[in-house]
Amino acid sequence: MFQEFKKGLWSENAVFRQLLGMCPTLAVTNSGINGLFMGLATLFVLVGSGLTVSIFKNSIPKQVRLAAYVVIIATFVTMADLFLAGSVPEISKSLGPYVPLIVVNCLVLGRAEAFSSKNRLVPSVADAAGMGLGFTIALVALGIVRELIGSGAVFGVQLLGGWFEPWLIMMLPPGAFISLGIMIGLINHFTDRRLAARHQHWE
Amino acid sequence: METYLIPILSMGGLGALLAAVLVLADNKLRVEEDARIDLIEEALPGANCAACGYAGCRQFAEQLVAGKIDPSACRPGGASTALAIGKILGVEVEVGVPMRARVMCLGGEAECDTRSEYEGISDCRAAMLLGGGNKGCVYGCLGFATCVDSCPFGAMRMDANGLPEINDDTCTGCGICVEACPKSVISVVAEGDKVIVACSSPEKAKVVKEVCSRGCIGCSLCAKVCPVDAIIMDGNLPVIDQERCIACGDCIERCPTDSMLDPQINHILMIRQKKEAG
Amino acid sequence: MQLVLIFISAAIVNNFVLTLFLGICPFLGMSRRVEAAFSMGLATTFVMTLTAALTWIINNYIIKGFDVPYLQNVAFIITIASLVQFVEMYIKKSSPSLYRTLGIFLPLITTNCAVFGLALFGDLKEFSFIQNIAYGFGAGAGFTLAMTMMAGIREELRFSAVPKAMEGAGITLIVAGLMALAFMGFSGLLTI
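Scoring rules and cut-offs
- Residues numbered from 1 in each chain as written.
- Chains lettered and ligands numbered in written order.
- Predicted model: local features only at pLDDT ≥ 70, side-chain atom pairs only at ≥ 80, totals over all residues.
- Heavy atoms only, no water.
- Contact = heavy atoms within 4.5 Å.
- Buried area = accessible area lost by both parts, 1.4 Å probe.
- Polar contact = N/O pair within 3.5 Å; in protein donor to acceptor, adjacent residues only side chain to side chain.
- Helix = DSSP H or I, 4+ residues; strand = E, 2+ residues; numbered from the N terminus.
- Nonpolar A, V, L, I, M, F, W, Y, C, P; charged D, E, K, R; others polar.
- Disulfide = S-S within 2.5 Å.
- Buried < 20%, exposed > 50% of the residue type's maximum accessible area, 1.4 Å probe, protein only.
- Salt bridge = Lys/Arg side-chain N within 4 Å of Asp/Glu carboxyl O.
- Phe/Tyr/Trp six-rings, centres within 6.5 Å; stacked < 30°, edge-to-face > 60°.
- pLDDT = per-residue confidence, 0-100.
- Axes fitted to C-alpha atoms, helices over the stretch in contact; angles between N-to-C directions.
- Parallel < 35°, antiparallel > 145°, perpendicular 65-115°, else oblique.
- Left-handed = near helix turned anticlockwise from the far one by under 90°.

## Focus: the interface of chain A and chain C
- Listed as interface residues are 38 residues of chain A and, on the opposing side, 38 residues of chain C.
- Taken together, the two surfaces of chain A and chain C that pack against each other cover about 3,200 Å², and 83% of this comes from carbon and sulfur.
- For the chain A face of the interface with chain C, the top three residues by lost area are Cys23(A), Val104(A) and Phe177(A), together amounting to 20%.
- On the surface where chain A and chain C come into contact, there are 2 residue pairs in polar contact (both at pLDDT 80 or more).
- When contributions to the side of chain A that touches chain C are tallied by element, the ones reaching two or more residues are helix H2 (22-27), helix H4 (65-87), helix H6 (106-116), helix H8 (173-191) and helix H9 (193-198) of chain A.
- Tallying contributions element by element places H8(A) first for the side of chain A that touches chain C, with 12 residues.
- Grouping the amino acids of the side of chain A that touches chain C by side-chain chemistry returns 29 nonpolar, 7 polar and 2 charged.

## Focus on the side chain of Thr144(C)
Residues and elements named next belong to chain C.
- Tracing the sequence through the fold places Thr 144 in helix H8 (residues 129-157).
- From its side chain, Thr 144 meets the backbone oxygen of Gly 41 in a polar contact 3.0 Å long.
- A polar side-chain atom of Thr 144 sits 2.9 Å from a polar atom in the side chain of Thr 45.
- Contacts of Thr 144, omitting those with residues within four sequence positions, involve Phe 38, Gly 41, Leu 42 and Thr 45.

## Some thoughts on the state of the cysteines
All names here are of chain B.
- Under the counting rule described, the total for this entry stands at 1 disulfide over all chains.
- With no disulfide of its own, Cys 181 lies closest to Cys 124 among cysteine sulfurs, the gap being 6.5 Å.
- Owing to a relative accessible area of 12%, Cys 181 belongs among the buried residues under this scheme.

## Observations concerning the pattern of salt bridges
- Across all of its chains, the model carries 6 salt bridges over all chains by this definition.
- In this structure, the salt-bridge partner of Asp127(A) is Arg111(A), at a minimum N-O distance of 2.8 Å. Of this pair, Asp127(A) sits in helix H7 (residues 121-151) while Arg111(A) is found in helix H6, placing the two residues 16 residues apart along the sequence. Arg111(A) matches Asp127(A) in its accessibility class, with the two residues each being buried.
- Salt-bridge contacts for Glu165(B) lead to Arg157(B); the nearest nitrogen and oxygen are separated by 2.8 Å.
- When its relative accessible area of 10% is taken as the criterion, Glu165(B) is described as buried.

## Observations regarding the packing of aromatic side chains
- With the rule as written, the count across this model stands at 12 aromatic pairs over all chains.
- Where Trp56(C) meets Tyr61(C), the ring centres are 6.4 Å apart and the plane angle is 80°; that geometry is what we call edge-to-face.
- On the basis of relative accessible area, Tyr61(C) is assigned to the exposed category, the value being 56%.
- Taking the centre distance of 6.5 Å and the plane angle of 10° together, the rings of Phe86(C) and Tyr90(C) count as stacked. With a gap of 4 residues between them, Phe86(C) and Tyr90(C) both fall in helix H4 (residues 72-94), about one helical turn apart.
- Take Phe86(C): its relative accessible area is 30%, and that puts it in the partly exposed class.
- Overall, Tyr90(C) belongs to the partly exposed group, its relative accessible area being 46%.
- Taken together, the aromatic side chains of Tyr98(A), Phe16(C), Phe121(C), Phe127(C) and Tyr135(C) make up a single cluster linked through ring pairs.

## Structural notes on the confidence of the model for chain A
- On average, residues of chain A carry a pLDDT of 84, and 94% of them reach 70 or more.
- Averaged over each element, pLDDT in chain A is lowest for H9(A) (48) and highest for helix H3 (residues 32-56) of chain A (92).

## Considerations on the packing of H7(A) against H8(A)
Residues and elements named next belong to chain A.
- Across the interface, H7 lies against H8 with an axial gap of 11 Å and an inter-helix angle of 120°. As the angle between them shows, H7 and H8 are arranged oblique. Our pair here, H7 against H8, has a crossing hand that is right-handed. Side by side, H7 and H8 meet where Ala 141, Leu 142 and Arg 146 of the first sit next to Ala 176, Ser 179, Leu 180 and Met 183 of the second.
- Here the contact of H7 with H8 is composed, by residue class, of 5 nonpolar, 1 polar and 1 charged.

## What to know about the packing of H8(C) against helix H9 (residues 169-183) of chain C
All names here are of chain C.
- Between H8 and H9, the least distance of the axes is 11 Å, while the angle of their chain directions is 130°. Regarding the angle of H8 to H9, the classification is oblique. Pair H8 / H9 crosses with right-handed handedness. Between H8 and H9, the contacting residues are Leu 145, Ala 146, Met 149, Met 150, Ile 153, Arg 154 and Leu 157 on the first element and Ile 171, Thr 172, Val 175, Ala 176, Met 179 and Phe 183 on the second.
- In terms of residue class, the contact of H8 with H9 is built from 11 nonpolar, 1 polar and 1 charged.

## What about the environment of Gly150(A)?
All names here are of chain A.
- Mapped onto the elements, Gly 150 comes out in helix H7.
- Taking the relative accessible area as the measure of exposure, Gly 150 reaches 4% and is therefore buried.
- The residues touching Gly 150, leaving out its near neighbours within four places in the chain, are Pro 166, Trp 167, Leu 168, Met 170 and Met 171.

## Regarding the environment of Ile12(C)
All names here are of chain C.
- With respect to the helices, strands and loops of the structure, Ile 12 is situated in helix H1 (residues 2-13).
- Exposure remark for Ile 12: the relative accessible area of 26% places this residue in the partly exposed category.
- Considered as a pair, Ile 12 and Ala 37 are 25 residues apart in the sequence and their alpha carbons are 18 Å apart.
- Ile 12 has contacts with Phe 183 and Phe 186, leaving out every residue within four places of it along the chain.

## What to know about unusual backbone geometry
- You will see that Ala145(B), though not glycine, has its phi angle at about 65°, which is positive.
- Mapped onto the secondary structure, Ala145(B) falls in the loop between helix H5 (124-128) and helix H6 (146-150).
- Of note, Phe21(C) is a non-glycine position whose phi angle comes to about 60°, a positive value.
- As for its placement among the helices and strands, Phe21(C) is situated in the loop between H1 and helix H2 (24-29).

This is the structure:
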């Protein structure tokens, strides 16, 4: 069962390995704190929907499967959105319309479809939690990188002094794409997985 | 109470309305399809490789039901698929022999010289545009792996010598690599074939030997040594009558340039065996 | 005239993919071949235009009418899912050849963040009915543009010497970043 949880953290990390949930990853990681809250919101939605789908998986007719999943997910997303708006209004405002977009986050629907709908409650929750946590880690990592290079600060704390000329581009769309691309490239390089796959061993 | 009633009624109402529209649409817009198309599509390999000439397995299934093609036209599916289709359609199916791709060239980097430096797109078709490629032998495999890329089943890879290797377990004999190769150096051979000459060069001995150490030099020793006269020379290349051949292996042994092969032995296996033999 | 400006704003100045980060998943996943990318883009544009119309009606008459903003997400998503289902059925019946080219992309469009994002962003901008439709059409056109350009570049990239670790997602994202950089040149052109 710990396996189910662990795989979402690294080996099947949503952002770096599966390339799911790209939209919020790129959109809100202009600062570490934004990335953190978006990740936590997604974690909440993942666990909530995974739980619900797993409980009701046998009662949902096949034809309306997808529609039912998205309604469940939309409900949890609305809860998360309202909670954020109420408790951390500043951050909620900077996250903007990307919190409601968790509804169509391919990661959330993907886990519901691929895992929660076919497994019992506890493994589903473990899987959802692992994926959510892995997603949060990825977002925070990217957020820290972009914020550090883009403004010299991390989580609002100015780290790099006046000598550093911030790369404004990192806070803008091009910087998001490029930094994520480089991060994925570095991760692939150091984990050697892609390289192993290219050699196509048949033994 | 009202705060609960409004969302329940409005969303419930909206959902019911949308569901009703969809049900109505399903009734009005239903497309009548022969149920056999779905059954056949499930029986097909589902690779959508287009080896049959149609854009995907579903199209193939539709044509089958319309009676326009023969069930054995799906080569990747092989015998088992053809029989399954025959069962669904209720027709007799003649099952063909499994086919595998073989590269008719043994001139890799170790055996064959290059005649020029090529710097360009790493694709055989691109290399062909520049005077037929940079290989010493104009008829040989260029080694840029266009065939490997074209294989929809991932059954090919390039070996260390610059020649393609074929995995017999995954190769379905679909023939897409044959089409992809600009040198037409790949052929599909049947499971019953006993000997092939793995060289595509029709040139004379002098020309071949200048560039390649394993090319067929047209010495016709194979034809002479064959006990059942299954080999005749067509110009400088031998032609083997697979029906007559008794698989004695004399021609393979006698060939001075090692250009003849038993195609049933997996090419990779054969090279390893040679290495072990010393 | 206003409608044309809204169209251009949605398609180019605030391109949904390169500026607003919507529809990234299909953008990275489907943009390998130009024909497929263009077909997906067309299908998405069609759905987006219809979505803009339908969600405007739902938004203004149900959500605002009953003052239930917290139901917006649920209402929008069931509308979009139903719409896509309906479109798929309709195309399958009316034009089998069109269904063969575009139809397979339709189920993927349901979870395309660009469609849902369109509904949300359109609501934020408080357009009129016709303006919202122009916005949807423009957004779809911009999405198609970005996808097709990326597919064209990726086809060329196939023959380039990309470092092994960067193959696939890595280089695609960097190319997307460069495209986004180019599109930044349009910013400020229109403030719609």
